[in-house]
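Architecture at a glance
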Amino acid sequence: LMTKQHVRFNYFVPELNYENGNNFRWNMKDFLEFLLNHKGKIESSVILGDEVADFEWEDQQLDQQRNLYWFRISKNRYNNIPSLKHLNKPGKPIELDKDEFVGEFSIFVFDPESGVLVVQSNFYGLTTKQSELALTELRQRYKESIGEGENEVGVVSLKPIPDESAYHRALQNQIIRRINIKASDVSLLNDEHMSAEVMHKAVDAAGEIGGISFDLTVSMSRTPRARSLEKDQVTQVIEDIKYLAKQGKDVSMQIASKEDEHHAIETIDLLSPRLKSSMTIEFPNRETPGAEFIYNNFVEQNFDLPQDNLDKNSKNKGFRQRAARAIPKPDNL
């Protein structure tokens, strides 16, 4: 039996921040070449509080055909461990040795042409902040190993890349499954220019009970996958949020939509959409897909240019070109 899984990726510009306020684009090429050619030369694990990040030496490669570097970092924990379970029988706790952890893995792909770092989004894997901490420490060890660590105290920062097309893509999608609206200082939101009834009702409800902010989610919940919120009404809410934001009001909105019932849901932030992509992989039940398998599917479904307009994944492809248009060329550090 096979299982299908949707995998998402976030796109960042890696930067180096220094105490004196200087920030530079980080070209990761020399760092990644070092890791490829000096396996085990530096300590690969980085303590993250109760968890540990670990660079996987055997899961890294330079894709010479596409000029892409990819690698994998695991997030390892020793608490909140699940149990082994047979149906209709008691669960059996998983006992770990002192040097054993439960690991969750994330793929990283660096494109030296555009200076973009693509990070697999894994709910149980490294957060963006943890990725920054892990890369900062690994880079520091690399610098020390080549004799350049004494004056090197750069902190890695992953800056999300804006996606100006996301807003239009969300409106073009056939199915809108969820919207989330947040606003503060509701007394300042009573504006005659607002047209969406849901906005007026949210403001009135918060005001009636003395609230100063609201967080409203409207979704299709457990309805069939093809059902959608009323698109005309959602469009009115979008226009209200955009108008209020231009007036300097503290508002935000997220839209969860999909092209049709067969595609994965994409969630965008209306006011600051970020460059993302997704893919669908199929693999045997009870197996964990390997790093190279995920990478190969990523470049096939996300990075390579589509062969024709009928390619079902063509909207995800050509991200090197899209990213290059969104950001300037990286500095060589």
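Thresholds, definitions, all that
- Residues numbered from 1 in each chain as written.
- Predicted model: local features only at pLDDT ≥ 70, side-chain atom pairs only at ≥ 80, totals over all residues.
- Heavy atoms only, no water.
- Helix = DSSP H or I, 4+ residues; strand = E, 2+ residues; numbered from the N terminus.
- Buried < 20%, exposed > 50% of the residue type's maximum accessible area, 1.4 Å probe, protein only.
- Lys, Arg positive; Asp, Glu negative; His and termini not counted.
- Salt bridge = Lys/Arg side-chain N within 4 Å of Asp/Glu carboxyl O.
- Polar contact = N/O pair within 3.5 Å; in protein donor to acceptor, adjacent residues only side chain to side chain.
- Contact = heavy atoms within 4.5 Å.
- Expected span 1.5 Å × (residues − 1).
- pLDDT = per-residue confidence, 0-100.
- Phe/Tyr/Trp six-rings, centres within 6.5 Å; stacked < 30°, edge-to-face > 60°.
- Lys NZ or Arg CZ within 6 Å of the ring centre and 35° of its normal.

For Asp 240, the location among the structural elements is in helix α5 (residues 231–246). Buried Asp 240, no salt bridge; nearest opposite-charge side chain is Lys 242, N-O distance 11 Å. Reaching out from Asp 240, the side chain makes a polar contact with the backbone nitrogen of Ala 196 at a distance of 2.8 Å. Contact partners of Asp 240, with chain neighbours within four places excluded, come to His 193, Met 194, Ser 195, Ala 196 and Met 199.

By the definition in use, this model includes seven salt bridges. Asp 63 is the partner of Arg 66 in a salt bridge, and the nearest nitrogen-oxygen pair spans 2.8 Å.

Across its 18 residues, helix α2 (residues 128–145) extends 26 Å between first and last C-alpha, which sits within 8% of the 26 Å expected from 1.5 Å per residue. Buried residues of α2: Gln 130, Ser 131, Glu 132, Ala 134, Leu 135, Thr 136, Leu 138, Arg 139, Gln 140, Arg 141, Tyr 142 and Lys 143, and no others. Phi turns positive one or two residues past the end of α2, at Gly 147, with a value near 80°.

Turning to the confidence of the model for the protein, a few remarks are in order. Of the residues in the protein, 82% reach a pLDDT of 70 or more, and the chain-wide mean stands at 82. By mean pLDDT, strand β6 (residues 83–84) is the weakest element of the protein at 59, and helix α1 (residues 29–37) is the strongest at 97. Here residues 308–313 is modelled with pLDDT under 50, and outside its nearest four sequence neighbours on either side it reaches six contacts, counting other chains as well.

The next subject is the packing of aromatic side chains. This model, assessed by the stated rule, comprises nine aromatic pairs. Taking 5.0 Å as the distance between ring centres and 10° as the angle between the ring planes, the aromatic pair formed by Phe 71 and Phe 108 counts as stacked. With Phe 71 in strand β5 (residues 68–77) and Phe 108 in strand β8 (residues 102–111), the pair connects residues that are 37 residues apart, well separated along the chain. The two residues Phe 71 and Phe 108 agree in class, both being buried. Within the aromatic cluster, the residues linked to one another by ring pairs are Trp 26, Phe 31, Phe 34 and Tyr 142. Over the aromatic face of Phe 105 sits the side chain of Arg 72, whose NZ or CZ is 4.0 Å from the ring centroid.

With that out of the way, let us pick up unusual backbone geometry. Look at Asn 67: it is not a glycine, yet its phi comes out positive at around 55°. Along the chain, Asn 67 turns up in the loop between β4 (51–63) and β5. Backbone geometry at Asp 185 places phi at a positive 55°, although glycine is not the residue there. Structurally, Asp 185 can be placed in the loop between β11 (175–184) and α4 (197–208). With relative accessibility at 44%, the residue Asp 185 sits in the partly exposed group.

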